[in-house]
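Listed here are the chains, written in short residue letters.
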Amino acid sequence: DTGVSQDPRHKITKRGQNVTFRCDPISEHNRLYWYRQTLGQGPEFLTYFQNEAQLEKSRLLSDRFSAERPKGSFSTLEIQRTEQGDSAMYLCASSLASWETQYFGPGTRLLVL
Amino acid sequence: AQTVTQSQPEMSVQEAETVTLSCTYDTSESDYYLFWYKQPPSRQMILVIRQEAYKQQNATENRFSVNFQKAAKSFSLKISDSQLGDAAMYFCAYRSPQGGSEKLVFGKGTKLTVNP
């Protein structure tokens, strides 16, 4: 059983560009979560999906952020018109059920120049 | 809103010794889950231990155990016989099933150094 995978692992972009990250959850996990972690802080929740339905979004998820999980398997997180403040580690996690443990991927580190 | 506080930004321990990491949380809920996650320098978060609030017995996982004090809203992690591989950031996290939210609320973390 492979773990949660994320792609790319690192992304450097210029301010104003759009970026897209991908997360592949553990197979059969119907729940998928996105978190953001800035330096020296714990992860902060962004959004989560149950199958293809996006059920919760944080206020941190501004209009420039959009997440999808079209077939209930992998998910993408897109950031439009990136800003320097978007520089962070973006973590994905998945779980089998609401009461089950969330398993995290290795993260995508974004640097906006 | 629920908050999680880890008051020790850094801790150090000698190899084979015992160390305790502190965590307090603020909630008005009676039913919730608490977690300790480990994030080694490679940055992948790994679950160390979890505790259901309705269980009075403290959770243990091999060398890792917790001291869960519900009334005091305290959830400390004890690492016994510390090993070099225990060096990492440790995050305390809270989740309440109330209201359908499934988000984890994390503390700011404690950096643990293990000295040989």
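Conventions used here
- Residues numbered from 1 in each chain as written.
- Chains lettered and ligands numbered in written order.
- Predicted model: local features only at pLDDT ≥ 70, side-chain atom pairs only at ≥ 80, totals over all residues.
- Heavy atoms only, no water.
- Patch = residues over 30% accessible without salt bridge, like charges linked within 9 Å, V, L, I, M, F, W, Y side chains within 5 Å.
- Areas by Shrake-Rupley, 256 points an atom, 1.4 Å probe, with all protein chains shown as cover.
- Salt bridge = Lys/Arg side-chain N within 4 Å of Asp/Glu carboxyl O.
- Helix = DSSP H or I, 4+ residues; strand = E, 2+ residues; numbered from the N terminus.
- Buried < 20%, exposed > 50% of the residue type's maximum accessible area, 1.4 Å probe, protein only.
- Contact = heavy atoms within 4.5 Å.
- Buried area = accessible area lost by both parts, 1.4 Å probe.
- Polar contact = N/O pair within 3.5 Å; in protein donor to acceptor, adjacent residues only side chain to side chain.
- Phe/Tyr/Trp six-rings, centres within 6.5 Å; stacked < 30°, edge-to-face > 60°.
- Core = buried A, V, L, I, M, F, W, Y, C linked by side-chain atoms within 4.5 Å.

Caption draft 1: The arrangement of a nonpolar patch on the surface in detail. Residues and elements named next belong to chain A. Together, Ile12, Leu111 and Leu113 make up an exposed nonpolar region whose accessible area comes to about 300 Å². Along the polypeptide, Ile12 turns up in strand S2 (residues 10–13). Owing to a relative accessible area of 59%, Ile12 belongs among the exposed residues under this scheme.

Caption draft 2: Local environment of the interface of chain B and chain A. Taken together, the contacts link 19 residues of chain B with 24 residues of chain A. Taking both sides of the interface into account, the surface hidden between chain B and chain A amounts to around 1800 Å²; carbon and sulfur atoms contribute 45%. Between the two partners, chain B and chain A, sit one salt bridge. We note a salt bridge from B:Glu102 to A:Arg31, for which the minimum N-O separation is 2.7 Å. Where chain B meets chain A, there are 13 residue pairs in polar contact (both at pLDDT 80 or more). Counting residues per element, the ones that place at least two in the side of chain B that touches chain A are strand S5 (33–39), strand S6 (46–52) and strand S10 (88–95) of chain B. If you tally residues by element for the side of chain B that touches chain A, the top one is S5(B), at three residues.

Caption draft 3: Seen up close, unusual backbone geometry. Residues and elements named next belong to chain A. Cis geometry marks the peptide bond from Asp7 to Pro8; its omega dihedral reads -5°. Positive phi, normally seen in glycine, also occurs at Asn51, with a value near 55°. Its location among the elements puts Asn51 in the loop between strand S5 (44–50) and strand S6 (53–57). You can call Asn51 partly exposed: its relative accessible area is 32%. One non-glycine residue, Arg81, lies in the positive phi region at around 50°. Here Arg81 shows up in the loop between strand S8 (75–79) and strand S9 (88–95). Given the relative accessible area of 46%, Arg81 is considered partly exposed.

Caption draft 4: Quick peek at the packing of aromatic side chains. With the rule as written, the count across this model stands at 15 aromatic pairs over all chains. Considering the side-chain rings of A:Phe104 and B:Phe106, the 6.1 Å spacing of their centres and the 75° angle between planes classify their relative orientation as edge-to-face. Of this pair, A:Phe104 sits in strand S10 (residues 103–104) while B:Phe106 is found in strand S11 (residues 105–106), placing the two residues in two different chains. Across the pair, B:Phe106 and A:Phe104 agree in class, each one buried.

Caption draft 5: Local environment of the side chain of B:Thr27. All names here are of chain B. For Thr27, the position within the fold is in the loop between strand S4 (24–26) and S5. Looking at Thr27, its side chain comes within polar contact range of the main-chain nitrogen of Glu29, at 3.0 Å. Within the structure, Thr27 has its side chain in polar contact with the side chain of Tyr94 (distance 2.6 Å).

Caption draft 6: How the structure looks around the nonpolar core. Residue and element names in this part refer to chain B. Of all hydrophobic cores here, the largest spans 26 residues; its most connected members are Tyr25, Trp36, Phe75, Leu77 and Tyr90. Those elements that provide at least two residues to this core are strand S3 (19–21), S5, S6, strand S8 (64–69), strand S9 (74–79), S10 and strand S12 (110–115). Per-element accounting of this core gives the leading share, four residues, to S10. For Tyr90, the residues in contact, after removing those within four places along its chain, are Gln6, Leu21, Trp36, Tyr37, Lys38, Val48, Phe64, Leu77, Ile79, Gly109, Thr110 and Leu112.

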